[in-house]
Structures are given as structure tokens and as C-alpha cells.
Amino acid sequence: CASPPRLSAPQSLSGRFALVSQGEVPQSLSASFALEGTAEQGLFVLNSPLGSRLAEARWQPGRVWLRDAQGDHDYEDLDDLARHALGESVPLEALPDWLRGRPSPLGFSDALPGGFQQMGWRIDLSRQAEGRIELQRVAPPLLRLRVRLEAEGAAAP
Amino acid sequence: DALGTLQAFVDEVKTGRASFTQTVSSPDGSKVKRSSGRFEFMRPDRFRFAYDAPFEQLIVGDGQQVWLHDVDLEQVTVRPMNQALGATPAALLAGGKVDKDFKLEALPDAEGQQWLRATPRIGDSGIQSLKIAFRDKALSEVEILDAFGQRSRIVFSAVESNPVLAADRFRFTPPKGADVLRP
């Protein structure tokens, strides 16, 4: 079937997130981010709390790579990339949809009170009105991202 | 000259306090984020960035560790200080031996301020260079250019040199209920 007509490039999202994981290597990361694109093609920018850019994760059909101070690093897939960039396998390609409060086109999802579940993650939208979305992996050990979306940044002066 | 001013700042200004506004512009300049807060420091290795807008975030360097409290997301992250400080603006502003961490170079005066460039000596810090400015010998601005070309400009106001600062300004006790995680 023909894919839906290409909408104008979706607005970018930006905000902050707090990642916590209690696997063998407990991990916590607090950073600000910017996200553009879709499940097929996207850019996830990771900034330090003081505002400098730490890394860019980029994906497009046929290529997935991370750009940091040392240059570009290609990966097999986004899961592999996320594990290196964030220390955990966070489904980056689902974020453009999840952070807009809707399931990703990449698979089935089940509605839940206050959100939905997809790809082994529970997406809590109960505080979406405040711009706050919480993503938690269903299977233990705990892996959770608390996200605070900011109204789109002021355009350049 | 500017190098002399920086050296005097490091030698004579043992503590400091100021308000700041910060503007972060994306490499292509299309996106700009503004924030503001209060900055305090005590040489040689303590500092406090208390952001109050657009969200509350506290960064405290207590000499051993750097604490980050995202108040809104109720999470506290703590990192060993050496890993976090190295080439950061905090090391340039609050550090004891600035020329150990940075290669310093005076720049021409601009906008009535004395400017210097500080290039981190450790290579892959992700920070291309820092610029620091003084107005009438008082700290006035810092600009961070990172490896991606993203620019963060911090402008200080109401700068106080050598105020009496209680030691607990640079200690952090996690509030009850916030997740505290040490990677």
C-alpha cells in the first residue's frame, strides 16, 4: 500500500530526561535532549546539564551512527547504538512517536490506563498535559526514563 | 593585560557569587535556549550552579563529587569530580591552577571587556574552547564552544568577589524521595 503522504518534517521536540537503571551496572544519566525526525529517519541530540553538546545519534534507512567529540561511529542497529550512548537499550526510533503520546508505527501496542504498552515498554501519559512522560521497561531490572518536554525553543533572535 | 587580570582573579578572588543568564545556541544557530540562575564558587574546587528558570536544576561540586539534582524530575545524579571537572567552565572559574588545565591566550578587548581564550589541555574533552571576559577586573562572561560548534554563553551580573560563603553552600544532601544514583 502507498505510504501516507509525506507530512512536513514533524516539529522537533526538546526537553530533559532522567534515566535510571538498576541492572548489574547501575546507571543514571541526567541530560537535556533534542529529537527530530521519525521512526525511519531521525536525530537525537544529547546535551550536558551545562549546555554543551555531548553526542548526536542519527538513524536513516541503511545506516545508524553516533557522532561525538571523536567523530562518527557506525553501529549495527539503534539498539546497539543506544547501549553505547546511554548505557542501556532504549528504543530511540520509537521516541519520535512515544514522546508525542502515541504508539510507534513499528509494532503492535496495547492500551493501558493512562498510556499504552509497546515493544516491552510501558509509556505513562498521565502527566502529559504538564509535558511529562515516563517510559519504563516492563521486564526487570528497572530501566526508566522520566522526560520533561519543553515548549519548542524560542526561534533564533 | 588580560592574562594578568585572570591571574589576579585566580590568586585574589577566593570566593565569588553572581547571578547569570545562559544562552545556548545550536551549531547552525537555528535553536536558542535561555536559562538563568545563581552561581557561587570557593577555590580550589567547589562550585554551585543553581538554575531557577526555565526549570529548577542544581549542580554542586563539593570538592570530591559533582551532584546534579533535577528537581522537577526528582532525580539526583552524582559523579566523581575529576571525571566531571577537568575541562569544564567550573574548572576555569573555580579552579586553583587554571594554567594546569588550560592553555591560556589573551584576546583583543571587546565591548569594554578583557577577553581570554582557554583551551583545555586534555584533548577529547568535547569542549573546543572556553572564552572568559572581565569588565573592570570583575568576572563578566564565559563562552563555551563545544566540539559540535554548539555555543553556550553565560553572562554574569551582580558579581560579588570574596563574599563570606558558608561551607554548606557547597555540600549537597539529597532530599527524601529523590532517586540518588551513583553510576
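Please read these numbers as outputs of a predicted model, since none were measured by experiment.

A.B. asks: Help me understand helix α1 (residues 78–86) of chain A, please; the structure alone is not making it clear to me.
C.D. replies: An α-helical turn contains 3.6 residues, so a residue and the one three or four places further along point in the same direction. All names here are of chain A. Among all positions in α1, only L78, L81, A82 and L86 are buried. End-on, the buried residues of α1 take up no more than an arc of 100°, which puts them together on one face. Looking at the buried positions of α1, the neighbouring elements they touch are β1 (13–21), β2 (27–37), β3 (42–47), β4 (53–60) and β5 (63–68). By the N-cap criterion, in which a side-chain oxygen at the helix start approaches the backbone nitrogen of a residue two or three places on, α1 is capped by D77, the distance to D79 being 3.1 Å. Once α1 finishes, G87 follows within two positions and takes phi at roughly 80°, a positive value.

A.B. asks: Got a minute to help me understand the interface of chain A and chain B in this structure?
C.D. replies: Where interface size is quoted, it is often the accessible area lost as the parts come together. Facing the 40 residues of chain A at the interface are 35 residues of chain B. Here chain A meets chain B over a buried area of about 2900 Å², counting both sides, of which 52% is carbon and sulfur. We note a salt bridge from E74 of chain B to R132 of chain A, for which the minimum N-O separation is 2.9 Å. If you list the elements that add at least two residues to the side of chain A that touches chain B, you get β1, β2, β4, β5, β11 (143–150) and β12 (154–155) of chain A. Of the residues forming the side of chain A that touches chain B, the biggest block, seven residues, is contributed by β1 of chain A. Partitioning the side of chain A that touches chain B into residue classes produces 17 nonpolar, 11 polar and 12 charged.

A.B. asks: Before we go on, may I ask you to explain the sheet that holds strand β8 (residues 115–118) of chain A in this structure?
C.D. replies: Strand pairing in a sheet takes place through backbone hydrogen bonds and is either antiparallel or parallel in direction. Residues and elements named next belong to chain A. With antiparallel pairing, 11 strands are arranged side by side in an open sheet as β6-β5-β4-β3-β2-β1-β11-β10-β9-β8-β7. Only two strands of the sheet have a single partner each, and these edge strands are β6 (71–74) and β7 (109–112). The average angle at which neighbouring strand axes cross in this sheet is 20°, direction not considered. Sheet topology note: the β5/β6 ladder contains four bridges and is antiparallel. From the neighbouring strand, R67 faces β6, where its bridge partner is D72. Running over the sheet, α1 touches β1, β2, β3, β4 and β5 and is turned about 15° from β5.

A.B. asks: Please explain unusual backbone geometry as it appears in this structure.
C.D. replies: Working note: non-glycine residues mostly have negative phi, and peptide bonds are mostly trans. Geometrically, the link from P140 of chain A to P141 of chain A is a cis peptide bond, its omega value of 0° lying close to zero. Omega for the bond connecting A53 of chain B with P54 of chain B falls within 30 degrees of zero, at 0°, which places this linkage in the cis form. For P54 of chain B, the position within the fold is in the loop between β3 (46–53) and β4 (57–62). For D136 of chain B, which is not glycine, the phi torsion reads 50° and is therefore positive. With respect to the helices, strands and loops of the structure, D136 of chain B is situated in the loop between β9 (127–135) and β10 (138–146). One non-glycine residue, K137 of chain B, adopts positive backbone phi at about 70°. With respect to the helices and strands, K137 of chain B occurs in the loop between β9 and β10. Judged by its relative accessible area of 58%, K137 of chain B is exposed.

Scoring rules and cut-offs
- One numbering rule holds for all chains: residues counted from 1, following each sequence as written.
- All chains are assigned letters beginning at A, and all ligands numbers beginning at 1, according to the order in which they are written.
- Selection of residues for local features in this predicted model requires a pLDDT of at least 70, selection of side-chain atom pairs for listing and counting requires 80 or more, and totals for whole chains, interfaces and linings are taken over all residues.
- The side-chain quantities take in all heavy atoms of the structure and omit both hydrogens and water.
- Residue burial is assigned from relative accessible area. The probe radius is 1.4 Å, only protein chains are included, and a residue is buried under 20% of its type maximum, exposed over 50%, and partly exposed in between.
- The helix and strand labels rest on DSSP assignments: H or I over at least four residues marks a helix, E over at least two residues marks a strand, and numbering proceeds from the N terminus.
- Summarising the geometry, the arc corresponds to the directions from the helix axis toward the C-beta atoms.
- Pairs of residues are marked as contacts when any of their non-hydrogen atoms sit within 4.5 Å.
- Side-chain atoms alone can form a polar contact between residues adjacent in sequence; in general such a contact is a pair of N or O atoms within 3.5 Å, and within protein one must be able to donate a hydrogen while the other accepts it.
- A quick way to say it: buried area is the sum, across both parts, of accessible area lost when two parts are put together, with a 1.4 Å probe.
- We define a salt bridge as a side-chain nitrogen of Lys or Arg found within 4 Å of a carboxyl oxygen belonging to Asp or Glu.
- Amino acids outside the nonpolar list (Ala, Val, Leu, Ile, Met, Phe, Trp, Tyr, Cys, Pro) and the charged list (Asp, Glu, Lys, Arg) are all regarded as polar, and Gly is one of them.
- Only strands that DSSP links by at least two bridges are regarded as paired with each other.
- With axes taken as lines fitted to C-alpha atoms, and helix axes fitted only over the stretch in contact, angles between N-to-C directions fall between 0 and 180 degrees.

Taken by themselves, the reported measurements are silent on function.
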